[in-house]
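# Report on the structure
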Amino acid sequence: MITREVAYGLLTEYVSSDSLIKHCLAVEASMRKYAKVYGEDVELYGITGLLHDIDFEQYPDEHPTHARSILQGSDIPESVLDAIEKHGKEHDNTRESLLAKTLFAVDSLSSFVIAYVHVRPDKSFEGVSLKSIKKKFKDKAFARAVNRDLVALGAVELDIELYEHMQTVIDGIVERQAELSHMGMSLI
Ligand SMILES: [Fe+2]
């Protein structure tokens, strides 16, 4: 399977937007966390998150239907291509694998958590609490682009309680930020 380093190289080959790359890093963070929770392959889950929006910049209206052709031939497992292909369909009952369900569930919620960190006075990841995320989640004026219904649907598909889901994503992002800062990178 493709290494994380090669996957990151691929991502930056097709995506130039700094904010989109950071979104992919945040989704990677949440995917890695869920892999640990489920006892699944952390690298496989992380790479799925990292590459999930690879066709977005080139094909914003057709995303994610072009991801498969971009990624084919790069030694990426079918399960990853399948999960990426199915994450864009909002109401879809074809997400069968845990990988696909997890990707869909963490995508917009990861954006939401990052949006919250952005409005913190010091943009600090330290002490991001479930309580504050829940409060912002109920505030419809905040991060309007994040469809709350889709976040809720993701938790239902994953068969996890919504607030437990939020806590897992918060933990994944906070932990990954600490790791990335050692690599000279950041999620924001
Ligand atoms: Fe995404």
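Before going into details, it helps to say that this report is about the structure given with it. The model shown is predicted, which means the values in this text are computed figures rather than measured ones. (Residues numbered from 1 in each chain as written. Predicted model: local features only at pLDDT ≥ 70, side-chain atom pairs only at ≥ 80, totals over all residues. Heavy atoms only, no water.)

## Let's talk about the overall build of the protein
Where we set the bar: Counting from the N terminus, the helices are the DSSP runs of H or I reaching at least four residues and the strands are the DSSP runs of E reaching at least two. Our radius of gyration is a C-alpha quantity, and the globule rule it is checked against amounts to 2.2 Å times the number of residues to the power 0.38. Buried means the residue's accessible area, taken with a 1.4 Å probe over protein chains only, is under 20% of the maximum for its type, while exposed means over 50%, and partly exposed covers the values in between. Note that His is not counted, nor are the chain ends; the positive residues are Lys and Arg, and the negative ones are Asp and Glu. Charge positions come from single atoms, namely NZ of Lys, CZ of Arg, CG of Asp or CD of Glu.
Across its full length, the protein holds 9 helices and 0 strands. Helices and strands in the protein line up, N terminus first, as α-α-α-α-α-α-α-α-α. Rg of the C-alpha trace for the protein: 15 Å, near the compact-globule value of 16 Å for 188 residues, within the 12% margin. Projected onto the principal axes, the alpha-carbon positions of the protein cover approximately 45 × 40 × 35 Å. Per-residue burial for the protein yields a buried fraction of 51% across its 188 residues. The protein carries 21 positive and 31 negative side-chain charges, and their two centres are separated by 9 Å.

## A short note on the packing of helix α5 (residues 78–86) against helix α6 (residues 98–119)
Operational definition: Axis geometry follows a simple rule: fit a line to the C-alpha atoms, using only the stretch in contact for helices, then measure angles between N-to-C directions, giving values from 0 to 180 degrees. Working definition: roughly parallel below 35 degrees, roughly antiparallel above 145 degrees, roughly perpendicular at 65 to 115 degrees, and oblique for all remaining angles. Crossing chirality is assigned from the near helix's rotation relative to the far helix, an anticlockwise turn below a right angle marking it left-handed and a clockwise turn marking it right-handed. Working rule for contacts: check all heavy atoms of both residues, and any pair within 4.5 Å makes them a contact. Note on residue categories: nonpolar means Ala, Val, Leu, Ile, Met, Phe, Trp, Tyr, Cys or Pro, charged means Asp, Glu, Lys or Arg, and polar means any other residue, Gly included.
Look at α5 against α6: their axes get within 8 Å of each other, and the N-to-C directions meet at 40°. The angle between α5 and α6 places the two elements in the oblique class. The way α5 lies across α6 gives a crossing that is right-handed. Between α5 and α6, the residues in contact are Ser79, Val80, Asp82, Ala83 and Ile84 and Leu99, Ala100 and Leu103, respectively. The residue makeup of the contact of α5 with α6, split by class, is 6 nonpolar, 1 polar and 1 charged.

## Considering the packing of aromatic side chains
To keep it simple, the criterion reads: For this analysis, a ring pair means two rings from Phe, Tyr or Trp (six-membered ring only for Trp) whose centres lie within 6.5 Å, classed as stacked if their planes differ by under 30 degrees, edge-to-face if by over 60, and tilted for the remaining angles. In this scheme, Lys NZ or Arg CZ marks a charge over a ring once it lies within 6 Å of the ring centre and within 35 degrees of the ring normal.
All chains considered together, the criterion is met by 3 aromatic pairs. Aromatic side chains Phe112 and Phe137 sit 5.5 Å apart centroid to centroid with 80° between the ring planes, which places their arrangement in the edge-to-face category. Remark: Phe137 occurs in helix α7 (residues 130–138) and Phe112 occurs in helix α6; sequence separation between them is 25 residues. Summarising the burial analysis for this pair, Phe112 and Phe137 share the class buried. Ring plane angle 90° and centroid distance 5.5 Å describe the contact between Phe112 and Phe142, whose orientation is recorded as edge-to-face. Remark: Phe142 occurs in the loop between α7 and α8 (148–158) and Phe112 occurs in helix α6; sequence separation between them is 30 residues. Connected via pairs of aromatic rings, a cluster forms that spans Phe112, Phe137 and Phe142. Its end group placed over the ring of Tyr163, Lys134 keeps NZ or CZ at 4.2 Å from the ring centre. When the ring centre of Phe142 is taken as origin, the NZ or CZ atom of Lys136, which lies over that ring, is 4.8 Å away.

## A few points about α7
Condition: Our arc is simply the arc of the directions from the helix axis toward the C-beta atoms.
If you check which residues of α7 are buried, you get Leu130, Ser132, Ile133 and Phe137. Angular distribution of buried residues about the axis of α7 spans 165°; they occupy a single face of the element. Away from its buried face, by an angle of more than 90 degrees, α7 presents the exposed residues Lys131, Lys135 and Lys138. Packed against the buried residues of α7 are α6, α8 and α9 (162–182).

These results come straight from atomic positions and should not be treated as a statement about function.
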